[in-house]
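# A structural walkthrough
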Amino acid sequence: MKGTLNIKDIQNINFFEKVTGIKARCCFDYNSVIIFAIPQTGIKRISGDRFNFMQNKIGKIRIIAIPESQSESDLSGFITNLIYPLTFKKLELNGKELFIYAHPKVKARLIGKDKIRLKELTEAVEMFFNVEKIVIK
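This one's a predicted model, so the numbers in the text were calculated from it and none came from an experiment. Starting afresh in each chain, residues are numbered from 1 along the sequence in its written order. For this predicted model, a pLDDT threshold of at least 70 governs which residues receive local features, and a threshold of 80 or more governs which side-chain atom pairs are given and counted, while totals over whole chains, interfaces and linings are taken from all residues. Processing note: side-chain calculations cover all non-hydrogen atoms of the structure and skip hydrogens and water entirely.

Looking now at the sheet that holds strand β2 (residues 33-38). Hydrogen bonds between backbone groups are what pair the strands of a sheet, and the pairing can be parallel or antiparallel. Whether two strands pair depends on DSSP finding at least two bridges between them. Under the scheme used here, helices are H or I runs from DSSP no shorter than 4 residues and strands are E runs no shorter than 2 residues, and both carry numbers assigned from the N terminus. The strand order β1-β2-β3 describes an open sheet built from three strands, whose pairing is mixed. Looking at which strands have only one partner, the edges of the open sheet turn out to be β1 (26-30) and β3 (61-65). Ignoring strand direction, the axes of neighbouring strands in this sheet form an average angle of 30°. Pairing between β1 and β2: five bridges, direction antiparallel. In the strand pairing of β2, Asp29 is matched with Ile34. Here, residues are in contact when the closest pair of their heavy atoms is within 4.5 Å. Lines are fitted to the C-alpha atoms to define the axes, a helix being fitted only along its stretch in contact, and any angle between axes, read from their N-to-C directions, falls within 0 to 180 degrees. Packing against the sheet, helix α2 (residues 48-58) makes contact with β2 and β3, and its axis sits at approximately 130° to β3. Lying over the sheet, helix α5 (residues 116-128) contacts β1 and β2, oriented at roughly 160° with respect to β1.

Before going further, it helps to examine the pairing of strand β5 (residues 97-101). In the sheet, strand β4 (residues 90-94) pairs with β5 via five bridges, with the strands oriented antiparallel. Note that in β5 the partner of Leu93 across the bridge is Leu98. Count of turn residues in the β4/β5 antiparallel hairpin: two residues, of which Gly95 carries a positive phi of about 65°. Sheet topology note: the β5/strand β6 (residues 133-136) ladder contains four bridges and is parallel. Note on β6: the bridge partner recorded for Leu98 is Ile134.

Classification of ring pairs uses Phe, Tyr and Trp, with its six-membered ring standing for Trp, and accepts pairs whose centres are within 6.5 Å; under 30 degrees between planes counts as stacked, over 60 as edge-to-face, and the remaining range as tilted. Applying the stated rule across the entire model yields four aromatic pairs. Judged by centre distance (6.0 Å) and plane angle (35°), the ring pair of Phe15 and Phe53 falls under tilted. One end of the pair, Phe15, is in helix α1 (residues 7-20); the other, Phe53, is in helix α2, with 38 residues separating them in the sequence. The structure contains a cluster of three or more aromatic residues connected by ring pairs, namely Phe78, Phe128 and Phe129.

Next comes the structure, spelled out in structure tokens:
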């Protein structure tokens, strides 16, 4: 796992661990939502009351599973969970470049104004996979 954490991320991770009792591996922002990455086994252990309590204290949050390996199917599942409810047609991995094929409206939402969503997506994928550049077609 690559990436850096700032003070706010560390505070959010500590709060998440106190409330849920589950160790979060990392925390990052995507589309104005704080996303916590935890092991797959921990997702079922989070109760709705604790999740709602965290949302009231922190703001919008989502919880996704950490990919167990760096295979293309894990990459596809990770991106699907990250960009939900948006969908894409297919993924293509060429070396360290990832090509995401999507419909025009989805493409616009994935790129975002001033490419802010594309930058956030690239940073999130770089943390767990050996991908340096994402191209949306």
